[in-house]
Amino acid sequence: MGKKSNTRTNKRIHVLVVEDEESFVEALNIGLDREGFDVSVARDGQEALNIFSRDTFDLVLLDLMLPKLSGLDVCRSIRNLSDVPIIIVSAKGEEVDMVLMLEIGADDYVTKPYRLRELVARMRAVLRRREVHEQDDLVDEIIEQGPIRMDIDARRCFVNDEEIKLRKKEFALLRLLLENPGRVLTREVLIDRVWGNDYVGDTKTLDVHIKRLRSLIEDDPKSPIHITTVRGVGYRFELTKSSS
Ligand code: CA
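The shown structure was predicted, so the numbers you read here are calculated from the model rather than taken from an experiment.

Can you break down the overall build of the protein residue by residue, with the values?
Summing up its helical and strand segments, the protein has eight helices and 12 strands in all. Burial statistics for the protein: of 244 residues in total, 46% are counted as buried. When contacts within the protein are restricted to residue pairs at least 6 apart in sequence, those whose partners lie at least 24 apart make up 59%. When the accessible area of the protein is evaluated, it comes to approximately 13500 Å², of which 47% is carbon and sulfur surface.

Structure, rendered in structure tokens:
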């Protein structure tokens, strides 16, 4: 999470793009190459598994509707073999069970049509999380995201450099969201990780805590831009948009 660079930064990232629509393949080949990714392409589910088994990848971008094997089947199969980050791509209007996708091991998802910049931001976020996870001992004890800075050791939190007072569960909840920027966290995961067995009865407890966090960190808590609701699934801490 820190700003320190590490040895991986200079390496080109190898992405397996699983996509059967030629217009998307072309756009991704060009766009991702420009962003510093090496791209391999599979045009159906079976080809995806074949290519995946022959090479090493840093990330898989996986379309859901594919010839031969569905994206869900491909995701399950890859997950049985590897921890590689997987981002699912679904088309607008497709019936998508997001909870299921997260359960079978997808790291994130995007919906077509997407903007390349947003896709790349999500890809980088997923890769960053993986790196942090792998180097757990080296993680900075300061977490920064957008206007928020959390000092984990000191248990202090700042919004635009002004300290806000958080209760224990609020602090744990915000930390979990900040550690997973751009990623949907399901209600189940949030409750399990923050409350565990302490979570009793009222299913509104999580929402009450989210509401309180929003009142502290959002300019307009009724139209939140940092902690957003993914309806029927959970919550997400939005990636900070670049100003360009
Ligand atoms: Ca497709």
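That shown, we press on.
Break down the side chain of S90 for me, with residues and values.
Locating S90 in the fold gives a position in strand β4 (residues 86–91). When near neighbours in sequence (up to four residues on either side) are disregarded, S90 contacts L64, V96, V110, T111 and K112.

Break down the environment of T229 for me, with residues and values.
Inspection of the secondary structure assignment puts T229 in strand β11 (residues 227–230). The class for T229 is partly exposed, based on a relative accessible area of 47%. Put simply, T229 and V184 are 45 residues apart on the chain and 8.9 Å apart in space, counted from C-alpha to C-alpha. The contacts of T229, once residues within four sequence positions are left out, are R214, G234 and Y235. Within polar-contact distance, the side chain of T229 engages the side chain of R214 at 2.8 Å.

Tell me about the packing of helix α2 (residues 45–54) against helix α3 (residues 71–81), residues and numbers included.
For the pair α2 and α3, the least separation of the axes is 10 Å and the interaxial angle reads 15 degrees. Overall, the two elements α2 and α3 adopt an arrangement that is roughly parallel. Along this stretch, α2 crosses α3, giving a crossing that reads as right-handed. On the side of α2, the interface is formed by G45, A48, L49 and F52, while α3 contributes V74, S77, I78 and L81. Grouping the amino acids of the contact of α2 with α3 by side-chain chemistry returns six nonpolar, two polar and no charged.

Can you explain unusual backbone geometry? Please cite residues and give values.
In this structure, the amide linkage connecting K112 to the following residue, P113, adopts the cis form with an omega of -5 degrees. Locating P113 in the fold gives a position in the loop between β5 (108–112) and α5 (116–134). One non-glycine residue, K68, lies in positive phi territory at about 75 degrees. Positionally, K68 belongs in the loop between β3 (59–63) and α3. One non-glycine residue, R155, lies in the positive phi region at around 55 degrees. Looking at the secondary structure, you find R155 in the loop between β7 (148–151) and β8 (156–159).

Describe in detail the nonpolar core, supporting the description with residues and values.
Counting residues in each nonpolar core, the largest one holds 27 residues, and the members touching the most others are I148, M150, L173, L174, L177, L206 and I227. Of all the secondary-structure elements, those providing two or more residues to this core are β7, β8, α6 (168–178), α7 (187–194), α8 (205–217) and β12 (234–237). Considering every element that reaches this core, the biggest residue donor is α6, with six residues. In this structure, L206 is in contact with L173, R187, L190, I191, W195, Y199 and Y235, ignoring residues within four places of it in sequence. Within the second largest apolar cluster, 26 residues are counted, among which are F57, L64, I104 and V184.

Report on the pairing of strand β2 (residues 37–42), specifying residues and quantitative values.
Of the strand pairs in this sheet, strand β1 (residues 13–18) and β2 are connected by six bridges, and their pairing is parallel. Across the sheet, V17 pairs through a bridge with V41, a residue of β2.

How would you explain the environment of R214 if you had to name every residue and give the values?
Mapped onto the secondary structure, R214 falls in helix α8. Measuring from C-alpha to C-alpha, the distance between R214 and P224 comes to 6.9 Å, with 10 residues separating the pair along the chain. Beyond its immediate stretch of four places on either side in the chain, R214 contacts P221, P224, I227, T228, T229 and Y235. Within polar-contact distance, the side chain of R214 engages the backbone oxygen of I227 at 2.9 Å.

Rules behind the numbers
Residues numbered from 1 in each chain as written. Predicted model: local features only at pLDDT ≥ 70, side-chain atom pairs only at ≥ 80, totals over all residues. Heavy atoms only, no water. Helix = DSSP H or I, 4+ residues; strand = E, 2+ residues; numbered from the N terminus. Buried < 20%, exposed > 50% of the residue type's maximum accessible area, 1.4 Å probe, protein only. Contact = heavy atoms within 4.5 Å. Areas by Shrake-Rupley, 256 points an atom, 1.4 Å probe, with all protein chains shown as cover. Polar contact = N/O pair within 3.5 Å; in protein donor to acceptor, adjacent residues only side chain to side chain. Axes fitted to C-alpha atoms, helices over the stretch in contact; angles between N-to-C directions. Parallel < 35°, antiparallel > 145°, perpendicular 65-115°, else oblique. Left-handed = near helix turned anticlockwise from the far one by under 90°. Nonpolar A, V, L, I, M, F, W, Y, C, P; charged D, E, K, R; others polar. Core = buried A, V, L, I, M, F, W, Y, C linked by side-chain atoms within 4.5 Å. Pairing = 2+ DSSP bridges.

Any functional reading would require information beyond the geometric quantities listed.
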